[in-house]
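# Structural overview for review
The chain contents come next:
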Amino acid sequence: MTARPVSGVQSSRGLTGLLLVAVPVLLFAWMTIWPILSGLARALTPEQADGSRPVSFANFVTFFSDPYSLANLGITLWTCLVTLGLLLAICIPLALYLRFAQGRLATYVQTMAMFPMFVPSIILAFAFIRVLGPNGTVDLLLNAVGLPKIRSPYLTPWGPVIGLVWDNIPLTVLILVSGLGAVSNQAVEAARDVGAKPLALFWHIILPRMWTSVAVVVSFTMLGLFASFTLPYVLGPASPEMMGPFMQRTFRDLRNPEMALTQATVTMLFCIAFGLFYVRAVARNRES
Amino acid sequence: MKRRAFLISAGGVAAGMVLLPRMSFAAEGKIDWYTSSDTNILDFWTNVVAPKFEAANPGLSINLIDAGDGAGQDAIADRALAALQTKTDPQADYFETADPMSPKGAMEAGLYVNLKDSLSNWSKVNPLAVETDFAVPYRGSQVLLAYDTTKLPAADVPKTWADLVTWIKANPGQFIYNRPDKGGSGGNFVRRAIHEANGRDPSLFTLDNFTPEYAEKTLAPAWEILNDIAPSLFDNGAYTSGNTQSVQLLGQSAVTMIPAWSDQALQGISTGVLPETTGLVQLTDLAFSGGFSRGVVLANGANKDAAIKLADFVLTEEIQSAIIVELGGFPGVSWDNVAEDLRNKYKDIVPSTIPTFPGGDWGAAISDGWYRSVAPNVDRNS
């Protein structure tokens, strides 16, 4: 046995690795962790009349004892959950189709599914008013065949839901399709050979391998939905408002950064839950 | 296979593009100009003010930047204030319209140039429009009622607040105004209700007389008025989230009448966003509040002197006349300083006064009060 001459090389490689990872880590600490900590600190130390800042939960007590704020939190959770449910219901079949279908039609479907990614949400919002709004395109088409107008979802809680579902289809489909890459054609063919019906195939072969990507979708889209702003702002009702517009209004119009930070902290706590869900899903995937 | 490979890589590329760093530095002689106003104002600057200014001042140019909305511009102002403290380049020289009271402490810290002392044209400014010496009122606008003459003949249009309320109640679903914090047309509709609830006396509200108790006393009756008409509004009490959305609903013939900014309505009619058959009317018992847009110059901007020149330039007769003709707005200067033919042409339709409503703490009180007392009080499903 000789000495291990590679050890020197290994440690220098380790250093290079650390240096490479240091840039994103520092950036993350500076741009994300630091604002979170400073925001948290400010929300927890409300400024008193004399200018002092003792530690207190007063801001959070105010938030959780204010029915108006709670209604806004409630509509945010409702919107996120309903949107997520609709997204999964639409995107899982779509992803399965794109994974297994061949030919020209699949290309068109894929283009359609990716299209929303290239439409800015403010354009989407105004197009929505044109199409689904009162006397919009849908109403005109219905009117042309003698049917009554729709009850427009514009300025109701369903407005943001419809807009957000459309806006989030590409990301959801992308994640699900990449997850479906773990399903090998051989496994599917083998199952078919022994006579598995489509539903059994989906349940026993495909779904177990999809769980991770579904978990990623759930956490990613929930984070995105919680933070959504433009669509709830333009399409949603004046009250209750989602947390995004509510925070912005508290910060800017009410000039109350402390309360806005409190709202942001509450929102962040919910997001952390989904973040942990994501980390666990990825970690479990690594282990297996 | 190609298609699938694209599908997987597309997500990564899209995410990467968002993260690409963008670096910029203020350029010499190029005024970094920001606006939070609607597109019509940006168009006006792009097509009228900037070319005229650049022609009159060789070597200077304007970098027109749309800050999106007030929050976007506030972020730039916050950055400029931080830059003032660290003595670095804020990469901003001029705000098309801004409140020098914001961000808190900025005016005291010397973020904004005292324009009264710096502008040679300051004496032309309409004294009624001046709020502070740090912001130059250069254009005004007023909220009017815009309506569909095919559904409501001009002869039957309401001309007083009481008639308007009667009309709204008699025609449920045909009127909508936007949330008061999301655009001045709805904002000044709400302020008109506040005036109505307080004896139609705008002088009761000043920048300095705000106290929470006084606000409670004066605003509560206005919320009653607005709650009273809420069930008769579009969709049993819906409120759009901006001036443009209200105009769009009128354009789609979804409602018959909206409050609208005079300049936006006039421009909407001329560009076809609103049909030719759109009528405009002002209330005669007390006009809707209007407001002046006030430009500010940043004291620590790299092109401060050029920006001061620009602030002076917007007060010239050339630009002030263009504001009337091209923008459908009111001049920021006294009418004596407007071209004579325009003065004669508009003297009958431009009111001699524009009631205004102070900003500052009043804005926050009105926004919070409206959201808590007016917006939620309707069961939309009934």
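Here the structure is a predicted model, which means the values were calculated and not measured.

Looking now at the overall build of chain B. Tallying secondary structure elements over chain B gives 14 helices and eight strands in all. For chain B, the residues scored as buried account for 55% of the 382 residues in total. If you sum the accessible surface of chain B, you get close to 16,200 Å²; carbon and sulfur atoms cover 53% of it.

Take the overall build of chain A next. On a plain count of helices and strands, chain A comes out with twelve helices and zero strands. The helix and strand sequence of chain A, counted from the amino end, reads α-α-α-α-α-α-α-α-α-α-α-α. Taken over the C-alpha trace, chain A has a radius of gyration of 24 Å; the compact-globule value for 288 residues is 19 Å, which it surpasses by more than 25%. Projected onto its principal axes, the C-alpha positions of chain A cover 80 × 70 × 30 Å. Sorting the 288 residues of chain A into buried and exposed places 41% on the buried side. If you take every contact in chain A between residues at least 6 apart in sequence, the share linking residues at least 24 apart comes to 70%. Of the roughly 16,000 Å² of accessible surface on chain A, a fraction of 71% belongs to carbon and sulfur atoms. For chain A, the separation between the mean place of its 18 positive charges and that of its 11 negative charges on side chains is 11 Å.

Residues and elements named next belong to chain A. A complete count under the given rule lists 27 aromatic pairs over all chains for this structure. On the numbers, 5.2 Å between centres and 45 degrees between planes, the contact of F220 with Y278 is tilted. With F220 in helix α9 (residues 198-226) and Y278 in helix α12 (residues 257-287), this residue pair connects regions lying 58 residues apart in the sequence. Taking relative accessible area as the criterion, F220 reaches 36% and is therefore assigned partly exposed. Ring geometry for F226 versus F270: centroids 5.9 Å apart, planes at 20 degrees, classification stacked. Separated by 44 residues along the polypeptide, F226 in helix α9 and F270 in helix α12 bring together distant segments of the chain.

Our next topic: the interface of chain B and chain A. With 39 residues of chain B at the contact, the number on the chain A side is 40 residues. Between chain B and chain A, roughly 3,400 Å² of surface is buried when both sides are summed, and carbon and sulfur atoms account for 53% of that area. The interface formed by chain B and chain A includes three salt bridges. Note that B:D74 is salt-bridged to A:R252, the shortest N-O span being 3.4 Å. At the boundary of chain B with chain A, the tally comes to eleven residue pairs in polar contact (both at pLDDT 80 or more). Broken down by secondary-structure element, the contributors of at least two residues to the side of chain B that touches chain A are α1 (2-19), α3 (70-86), α9 (243-251) and α14 (361-373) of chain B. The element that contributes the greatest number of residues to the side of chain B that touches chain A is α1(B), accounting for seven residues. Among the residues making up the side of chain B that touches chain A, the classes are represented as 16 nonpolar, eleven polar and twelve charged.

Attention shifts here to the packing of helix α5 (residues 121-132) of chain A against α9(B). Where α5(A) contacts α9(B), the two axes come as close as 11 Å, and the packing angle between them is 20 degrees. Considering the angle they form, α5(A) stands roughly parallel to α9(B). When the axes of α5(A) and α9(B) are compared, the crossing they make is right-handed. Here α5(A) contributes A:F126, A:I129 and A:R130 to the contact with α9(B), which in turn contributes B:T244, B:Q245 and B:Q248.

Now for the domain arrangement of chain B. Interfaces are often described in size by the accessible area the parts lose on coming together. Residue and element names in this part refer to chain B. Segmenting chain B into domains produces domain 1 (30-139 + 291-346) and domain 2 (140-290 + 359-373). Taking the mean C-alpha position of each, domain 1 and domain 2 sit 27 Å from one another. Between domain 1 and domain 2, the contact holds twelve residues from the first and 13 residues from the second. At the boundary of domain 1 with domain 2, total buried surface from both sides reaches about 1,100 Å², with 43% on carbon and sulfur atoms. When the buried surface of domain 1 facing domain 2 is broken down by residue, N40, G291 and F330 rank first, second and third, together holding 45% of it. At the junction of domain 1 with domain 2, the criterion picks out zero salt bridges. At the level of elements, α2 (39-56) and β7 (290-297) are the ones that each hand at least two residues to the side of domain 1 that touches domain 2.

Gaps left between atoms show up when a probe the size of a water molecule is rolled over them. On inspection of all chains with the given rule, the structure shows two cavities of 30 Å³ or more. When its volume is computed, the largest cavity comes out at roughly 70 Å³. Of the residues in the lining of the largest cavity, the class split is seven nonpolar, two polar and one charged. Reported here for the second largest cavity is a volume of approximately 50 Å³. As for the second largest cavity, its lining consists of A:P232, A:Y233, A:P237, A:E241, A:M242, A:P245, B:R179 and B:K182. Here the residues of the lining of the second largest cavity are counted per class, giving five nonpolar, no polar and three charged.

All names here are of chain B. Enumeration according to the criterion identifies 16 salt bridges over all chains in this entry. Across the salt bridge formed by D285 and R192, the nearest N and O atoms sit 3.1 Å from each other. Taken together, the residues span a long stretch of sequence, with D285 in the loop between β6 (278-281) and β7 and R192 in helix α7 (residues 184-197) at a distance of 93 residues. On the basis of relative accessibility, which here comes to 0%, the residue R192 falls in the buried class. Each of the salt bridges in this network shares a partner with another, and the network as a whole consists of R192, E196, R200 and D285.

Attention now moves to the nonpolar core. In this structure, A:L176, A:M210, A:L235, B:I176 and B:I258 are the most contacted members of the largest nonpolar core, which totals 63 residues. Examining the composition of this core, we find that twelve residues originate from one element, α9(A), more than from any other. With near-sequence residues (within four places) excluded, A:L176 lies in contact with A:C91, A:I92, A:A95, A:M210, A:S213, A:V214 and A:V217. Membership of the second largest hydrophobic core comes to 52 residues, among which are A:V266, B:L152, B:I168 and B:F357.

For the rest of this paragraph, the subject is the side chain of B:S321. Relative to the elements of secondary structure, B:S321 occurs in helix α12 (residues 317-325). In this structure, B:S321 is in contact with B:V338, B:A339 and B:L342, ignoring residues within four places of it in sequence.

As a further point, take the environment of B:G70. Note on placement: B:G70 falls in helix α3. Separated by 35 residues in the primary sequence, B:G70 and B:T35 have C-alpha atoms spaced 8.4 Å apart. When neighbours within four sequence positions are excluded, B:G70 is seen to be in contact with A:R252 and B:S36.

The rules behind these values
Residues numbered from 1 in each chain as written. Chains lettered and ligands numbered in written order. Predicted model: local features only at pLDDT ≥ 70, side-chain atom pairs only at ≥ 80, totals over all residues. Heavy atoms only, no water. Helix = DSSP H or I, 4+ residues; strand = E, 2+ residues; numbered from the N terminus. Buried < 20%, exposed > 50% of the residue type's maximum accessible area, 1.4 Å probe, protein only. Areas by Shrake-Rupley, 256 points an atom, 1.4 Å probe, with all protein chains shown as cover. Rg over C-alpha atoms; globule rule 2.2 N^0.38 Å. Contact = heavy atoms within 4.5 Å. Lys, Arg positive; Asp, Glu negative; His and termini not counted. Charge placed at Lys NZ, Arg CZ, Asp CG, Glu CD. Phe/Tyr/Trp six-rings, centres within 6.5 Å; stacked < 30°, edge-to-face > 60°. Buried area = accessible area lost by both parts, 1.4 Å probe. Salt bridge = Lys/Arg side-chain N within 4 Å of Asp/Glu carboxyl O. Polar contact = N/O pair within 3.5 Å; in protein donor to acceptor, adjacent residues only side chain to side chain. Nonpolar A, V, L, I, M, F, W, Y, C, P; charged D, E, K, R; others polar. Axes fitted to C-alpha atoms, helices over the stretch in contact; angles between N-to-C directions. Parallel < 35°, antiparallel > 145°, perpendicular 65-115°, else oblique. Left-handed = near helix turned anticlockwise from the far one by under 90°. Domains from an automatic or database assignment. 1 Å grid on protein atoms, 1.4 Å probe; cavity = no way out; pocket = protein on both sides within 12 Å on 5 of 7 lines; lining within 4 Å. Points joined across faces, edges and corners; volume = space filled by probe spheres on them. Core = buried A, V, L, I, M, F, W, Y, C linked by side-chain atoms within 4.5 Å.

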